[in-house]
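Structural description and commentary
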Amino acid sequence: MPAPRTPYQMREAFGTILCIAAHPDDIEFTIAGSVARWTREGRAVFFCLVTTGGAGTNEHTPSGDGLVPIRERELHEAARILGVQEVVLLGYTDGVVEPTLGLRRDLTRVIRRIRPDVVVCSDPTVRWYANEYLNYPDHRAVASAALDAVFPSSETRGIFPELLTEGLEPHKVKEVLISGAEPADAWVDIGDTLAVKCAALKAHASQVGKGEWVDAMLGEWAKQAGKRVGVESAEGYRRMILWR
Ligand SMILES: [Zn+2]
């Protein structure tokens, strides 16, 4: 596929962005360069993290309870580095998320409250990447529920009528950016924010240790994506335009 001539530049009018992910460090591994760019552009970026991250290592307690407060501190530090406005934590148990109606309702509630122009999530259809990574089931479950929450649940009055009684009116999301989609068709130039992305990922010390490898790994991923659009560093997405 020929690369488009210019990187994707989000419309100026899109002032509110909601990033939905399963685990406390998912955003920093994948889309944080874009997040930092968007916050620098003056947009309000919100994170919604579905699980506590309690299964992130096999250390601490068997239940993961010992890890949860550590991950919470780390994720707030990463969000601070990226300039994120608010982090919403849904508190689901790490490792066993399914795309239930309950999760879809919870995400619909968040979308109707924050009323984002753009929602960013991962690709629920990807079962594996290359020959070495089986996509984590929580990632697929959360992405699937997130897309279903965007459409049709958030914008449809008759779905989850209980949310109306909470004062949450329907809301139409205008664009969705799906990270990790193959093939991607929109690339955000992160040349100015790759270093911030690396710093934010290193805030997750329980997951990356001292993170000596972080700059090289994220740099290589960004370089590969950048080649697709003729810039040094990029993050790729499939872009869904739901409103013009
Ligand atoms: Zn994850």
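Computed from a predicted structure; not experimentally measured. (Residues numbered from 1 in each chain as written. Predicted model: local features only at pLDDT ≥ 70, side-chain atom pairs only at ≥ 80, totals over all residues. Heavy atoms only, no water.)

**Quick notes on the overall build of the chain**
Rules: Secondary structure elements are taken from DSSP: a helix is a run of H or I of four residues or more, a strand is a run of E of two residues or more, and numbering for both begins at the N terminus. A radius of gyration in this sense is built from C-alpha atoms; the matching globule rule multiplies 2.2 Å by the number of residues raised to 0.38. Each residue is assigned to one of three classes by its accessible area relative to the maximum for its type, calculated with a 1.4 Å probe on protein chains only: buried under 20%, partly exposed between the two thresholds, exposed over 50%. Contacts are assigned to residue pairs that have any heavy atoms within 4.5 Å of one another. Positive charges are assigned to Lys and Arg, negative charges to Asp and Glu, while His and the chain termini are left out of the count. The location of each charge is read from NZ of Lys, CZ of Arg, CG of Asp or CD of Glu.
Counting secondary structure elements, the chain contains nine helices and nine strands. The C-alpha atoms of the chain give a radius of gyration of 17 Å, which matches the 18 Å a tight globule of 244 residues would have. When the backbone C-alpha atoms are referred to their principal axes, the chain occupies close to 50 × 50 × 35 Å. A buried classification covers 48% of the 244 residues belonging to the chain. Here the contacts in the chain between residues at least 6 apart in sequence split such that 79% fall between residues at least 24 apart. Computing the positive centroid from 28 side-chain charges and the negative centroid from 33, the chain places the two 6 Å apart.

**Here we look at the sheet that holds strand E2 (residues 44-51)**
In plain terms, the rule: What makes two strands pair is DSSP finding at least two bridges between them. An axis is simply a line fitted to the C-alpha atoms; with a helix, the fit covers only the stretch in contact. Between two such axes, the angle follows the N-to-C directions and lies from 0 to 180 degrees.
Spatially, seven strands are ordered E3-E2-E1-E4-E7-E9-E8 in an open sheet, and the strand pairing comes out mixed. Pairing within the sheet leaves two strands with one partner each, and these edge strands are strand E3 (86-92) and strand E8 (186-189). If you compare each strand with its neighbour and ignore which way they point, the axes differ by 25° on average. Strand direction decides the pairing type here: E2 and E3, joined by five bridges, are parallel.

**Quick look at the nonpolar core**
Rule in force here: Take the buried residues of types Ala, Val, Leu, Ile, Met, Phe, Trp, Tyr and Cys, join any two whose side-chain atoms come within 4.5 Å, and each joined set is a nonpolar core.
In terms of nonpolar packing, the biggest core is built from 38 residues, with Cys19, Val35, Trp38, Phe47, Leu82 and Val120 touching the most fellow members. When residues of this core are traced back to their parent elements, those giving at least two are strand E1 (16-21), helix H2 (32-40), E2, helix H3 (68-82), strand E4 (118-122), E8, helix H7 (194-202) and helix H9 (214-227). For this core, the leading source of residues is H7, giving five residues. Other than its neighbours up to four places away in sequence, cysteine 19 contacts Ile27, Ile31, Val35, Val45, Phe46, Phe47, Cys48 and Val120.

**Observations concerning the packing of H7 against H9**
Counted only if it meets this: Should an angle lie under 35 degrees it is considered roughly parallel, over 145 roughly antiparallel, and from 65 to 115 roughly perpendicular; all remaining angles are considered oblique. For a crossing to be left-handed, the near helix must be turned anticlockwise from the far one by less than a right angle; the clockwise case is right-handed. Any residue outside Ala, Val, Leu, Ile, Met, Phe, Trp, Tyr, Cys, Pro, Asp, Glu, Lys and Arg is labelled polar, Gly included; the first ten of those are nonpolar and the last four are charged.
Between H7 and H9, the shortest axis-to-axis distance is 10 Å and the interhelical angle comes to 135°. The angle between the axes of H7 and H9 places the two elements in the oblique class. Here H7 runs over H9; the crossing is right-handed. For the pair H7 and H9, the contacting residues are Leu194, Lys197, Cys198, Leu201 and Lys202 in the first and Val214, Asp215, Leu218, Gly219 and Ala222 in the second. Here the residues of the contact of H7 with H9 are counted per class, giving six nonpolar, one polar and three charged.

**A few points about the environment of leucine 82**
Tracing the sequence through the fold places leucine 82 in helix H3. Residue leucine 82 is classed as buried on the basis of its relative accessible area of 2%. Sequence separation between leucine 82 and alanine 200 is 118 residues; the distance between their C-alpha atoms is 6.8 Å. Among residues more than four places away in sequence, those in contact with leucine 82 are Glu28, Ala32, Val35, Ala36, Thr39, Phe47, Val196 and Ala200.

These figures capture arrangement, not role.
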